[in-house]
Amino acid sequence: MATSGKGLITVREILDLKKHGEKISALTAYDATFARLIDEGGAEIILVGDSLGMVVQGFDSTLPVTMDEMIYHCRAASRGVTRALLVADMPFLTYQASIEQAVLNAGRCLKEGGVSAVKLEGGEELAPTIRRLREIGIPVMGHVGMQPQKVRQYGGYGLQGSDQADAKQILRDAEAVAEAGAFAIVLEKIPMGLAGKITRAIPIPTIGIASGPDCDGQILVSYDMLGLADQFKFRFVRRYLELAEEIRAAVGRYRDDIRDGKFPAAGESFE
Ligand code: KIV
């Protein structure tokens, strides 16, 4: 993407990508090293996703992630980013209780976490919160369709919007989020026809995950896309590397070299 050349990509530039028909790439990162590599690789958006609860902390959902943990990971990731738009995912129960709670916690993400925007899961019900955040200068990314923070209500992470009533509600949700002033919206795990319809209906970029090719951009969890979290194989994930296999093999070679007295060699030691 051609940016203004003045540093971090802005929400205005993300909106312009849709206007110019340019696709947006987004990935998650949770620390400085991954954020730096993903930034240097050219993704326009880096999300410090609450997926960290699963891929970093080892929980079976994103629900246990706390505000302090999110701030910690945002601070780390922000030290690796010089170009991409860095977005903090607001953890479960840090923005739903009241607009005041959302303002204070979203404000912490910018003030302490060093991010440029926040992401909230939810539709129509969150419109007043998004409007307020936007009024005070906190850019918001929406997230509709399958919302992982509602896993206990769904009873799993299945496709959403496959019947007509649900599909209509998801379209209404996306419209309400856009109308409230979000600068982009994640569409997660909805039928690709519905994702295309939403993408054509709203003026802000749609960033799809498991929602087909017609979105304005795509996002994946970096640990999935790099083949690090290889205990799961999702149909919607394309693995660009098999890092888990590479790491296990490297550890095996390291162990063998130590056992065989080949590591460290003279050149790796000091007189
Ligand atoms: O938490 C996360 O990583 C996300 C993306 C997958 C959209 O919400």
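It should be noted that the structure appears before, not after, this text.
In this report, the structure presented in the accompanying data block is examined. On a predicted model such as this, the values are computed, not experimentally measured, just so you know.

### Focus: the pattern of salt bridges
Scanning all chains against the criterion turns up 12 salt bridges. Among the salt bridges present, the one from Arg-108 reaches Glu-112, with a minimum N-O distance of 2.9 Å. In this structure Arg-108 comes out as partly exposed when scored by relative accessible area, which is 23%. A salt bridge links Arg-239 to Glu-242, with the shortest nitrogen-to-oxygen separation between them at 3.1 Å.

### Regarding the pairing of strand β5 (residues 140–145)
Counted residue by residue, β5 has 6 buried out of 6 residues, so it is predominantly covered. Of the strand pairs in this sheet, strand β4 (residues 117–119) and β5 are connected by 2 bridges, and their pairing is parallel. Residue pairing in the sheet places Lys-119 in a bridge with Met-141 of β5. Bridging between β5 and strand β6 (residues 184–188) involves 5 bridges; their strand directions are parallel. By the bridge assignment, His-143 is partnered in β6 with Val-186.

### A short note on the pairing of β6
Counting buried residues in β6 gives 5 out of 5 residues, a clear majority hidden from the surface. In β6, alternate side chains face the same way, and those of Ala-184, Val-186 and Glu-188 on one face and Ile-185 and Leu-187 on the other are all buried. As paired strands, β6 and strand β7 (residues 206–209) are joined by 4 bridges and run parallel to one another. Residue pairing across strands places Ile-185 opposite Thr-206, the latter belonging to β7. The parallel pair β6 and β7, bridged by helix α9 (residues 192–201), forms a crossover whose chirality is right-handed.

### Some remarks on the layout of surface pockets
Computed from the structure, the largest pocket encloses a volume of approximately 680 Å³. Residue lining of the largest pocket: 34 residues in total, with Ser-51, Met-54, Glu-188, Val-221 and Asp-224 positioned closest to the centre. Put simply, the parts of the chain that give the lining of the largest pocket at least two residues each are α3 (52–55), β6, β8 (217–220) and α10 (222–225). Residue composition of the lining of the largest pocket, by class: 20 nonpolar, 6 polar and 8 charged.

Calculation criteria
Residues numbered from 1 in each chain as written. Predicted model: local features only at pLDDT ≥ 70, side-chain atom pairs only at ≥ 80, totals over all residues. Heavy atoms only, no water. Salt bridge = Lys/Arg side-chain N within 4 Å of Asp/Glu carboxyl O. Buried < 20%, exposed > 50% of the residue type's maximum accessible area, 1.4 Å probe, protein only. Helix = DSSP H or I, 4+ residues; strand = E, 2+ residues; numbered from the N terminus. Pairing = 2+ DSSP bridges. Right-handed = clockwise from strand over helix to strand, strands pointing away. 1 Å grid on protein atoms, 1.4 Å probe; cavity = no way out; pocket = protein on both sides within 12 Å on 5 of 7 lines; lining within 4 Å. Points joined across faces, edges and corners; volume = space filled by probe spheres on them. Nonpolar A, V, L, I, M, F, W, Y, C, P; charged D, E, K, R; others polar.

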